[in-house]
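Structural overview for review
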Amino acid sequence: MKLVRAKDYKDMSRKAANFLSAQVILKENSVLGLATGGTSEGIYEQLVDWYRKGDIDFSMVSTVNLDEYVGLDGSNERSYRYYMEHHLFRHINIKERNCHLPDGMAGNLEEECRRYDRLIERLGGIDMQLLGVGENGHIGFNEPDEAFEQMTHCVWLKESTIDANARYFASREEVPRRAITMGIKAIMQARAIVLCASGKRKAGILKRVLCGPVTPEVPGSVLQMHPRLIVVADAEALGE
Ligand code: F6R
């Protein structure tokens, strides 16, 4: 594991964006695994800035996002598709057909999960996976459970995740209860992982993820087994 210490959120964003940018510069047709959420926003802002300055070319890049809420379509401002368009895709020269997220509106969710697994396989797997971590240890929407779920699957969100994500909705009631998420297997098969964390809120869980026992009760703890894990965290997140 490589640990990169950042001063604060801005510094974390720039340092994490550096790894993604280096990946794309070294391999122009990289497959990037992407995350949404507050942690990733600054990273995308930095990448857009470097793209505008002519430093990165996304024309041959493909992306696969970790997850999407069930029941929200891409025009819904709370959907992860909308988030990605808003924070990254529409600002860079990535091709629309190369930007992939699970379809939360799919009629047959089980089939959609299988389609997503096949898609990742067809792309040749993920070169670099960006991850945030939930305060309960989730990665993607792989929630704490009794076993590591391997493949893309549908989940019921834990109450703690609904609470954490309510800040993006008008009320807690509006937070979808279900989501589709990439499984632990696809995440662990990524050739490199960049796990990011910022702020005091993440200090307790980051310690458990990086130093605690590897257990499905803390899904992120599985990352300890990854041969190329890069952790980029700021001073507050590393506080414990
Ligand atoms: C989002 C995702 C989640 C977030 C996690 C942290 O696509 O997969 O696992 O990375 O919930 O969220 P923030 O960054 O908002 O604290």
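Structure: above.
Reference entry: report on the structure contained in this document. Since the model is a prediction, treat every value here as computed from it, not as a measurement.

Our focus in this paragraph is the sheet that holds strand E8 (residues 178-181). Pairing within the open sheet is antiparallel, and its 3 strands lie in the order E4-E8-E7. Of all strands in the sheet, those bounded by a partner on one side alone are strand E4 (67-69) and strand E7 (153-156). Neighbour-to-neighbour, the strand axes of this sheet turn through a mean angle of 25 degrees, independent of strand direction. Sheet topology places E7 next to E8; 4 bridges connect them, and they run antiparallel.

A word on the site of the ligand. Near the ligand you find 16 residues, and of these Thr39, Asp67, His138, Gly140 and Lys202 are the closest. In this structure, Thr39 approaches the ligand through a side-chain N or O atom, which is 2.4 Å from an oxygen atom. A distance of 2.7 Å separates an oxygen atom of the ligand from a polar atom in the backbone of Gly140. In isolation the ligand exposes 410 Å². Once the protein is present, 95% of that is buried. Each residue belonging to the shell around the ligand can be placed in one class, and the counts come to 4 nonpolar, 8 polar and 4 charged.

Leu47 and Leu88 are the most contacted members of the largest nonpolar core, which totals 43 residues. Breaking this core down by element, the ones donating at least two residues are strand E1 (2-6), helix H1 (9-26), strand E2 (31-34), helix H2 (38-52), helix H3 (80-87), strand E6 (128-131), strand E9 (192-197) and strand E10 (229-234). In this structure Leu88 touches Leu34, Tyr44, Leu47, Val48 and Tyr83, once residues within four positions along its chain are discounted.

This next bit is on the packing of H2 against H3. Pairs of packed helices are described in terms of their axes, by the angle between the two and the distance that separates them. In the contact formed by H2 and H3, the axes pass within 10 Å of each other and the chain directions differ by 35 degrees. Only Tyr83, Met84 and His87 of H3 make contact with H2, whose side of the interface consists of Ser40, Glu41, Tyr44 and Val48.

Attention now moves to the pattern of salt bridges. Within the structure shown, the criterion is met by 13 salt bridges. Residues Glu110 and Arg114 are paired through a salt bridge, measuring 2.5 Å at the closest nitrogen-oxygen approach. Placement of the pair is Glu110 and Arg114 together in helix H4 (residues 109-122), with a separation of 4 residues, close to one helical turn. Note on Arg114: relative accessible area 29%, which makes it partly exposed.

Ordered by their spatial adjacency, 7 strands build an open sheet running E1-E10-E9-E6-E2-E3-E5, and the pairing between neighbours is parallel. At either margin of the open sheet sits one strand with a lone partner, and together these are E1 and strand E5 (99-100). Here E9 runs beside E10; their pairing, made up of 5 bridges, is parallel. Across the sheet, the residue bridging to Ile193 is Leu229, located in E10. With respect to the sheet, helix H7 (residues 203-211) is in contact with E9 and E10, its orientation differing from that of E9 by roughly 155 degrees.

Each value, and the rule that gives it
- Residues numbered from 1 in each chain as written.
- Predicted model: local features only at pLDDT ≥ 70, side-chain atom pairs only at ≥ 80, totals over all residues.
- Heavy atoms only, no water.
- Pairing = 2+ DSSP bridges.
- Helix = DSSP H or I, 4+ residues; strand = E, 2+ residues; numbered from the N terminus.
- Axes fitted to C-alpha atoms, helices over the stretch in contact; angles between N-to-C directions.
- Near = heavy atom within 4 Å.
- Polar contact = N/O pair within 3.5 Å; in protein donor to acceptor, adjacent residues only side chain to side chain.
- Areas by Shrake-Rupley, 256 points an atom, 1.4 Å probe, with all protein chains shown as cover.
- Nonpolar A, V, L, I, M, F, W, Y, C, P; charged D, E, K, R; others polar.
- Core = buried A, V, L, I, M, F, W, Y, C linked by side-chain atoms within 4.5 Å.
- Buried < 20%, exposed > 50% of the residue type's maximum accessible area, 1.4 Å probe, protein only.
- Contact = heavy atoms within 4.5 Å.
- Salt bridge = Lys/Arg side-chain N within 4 Å of Asp/Glu carboxyl O.

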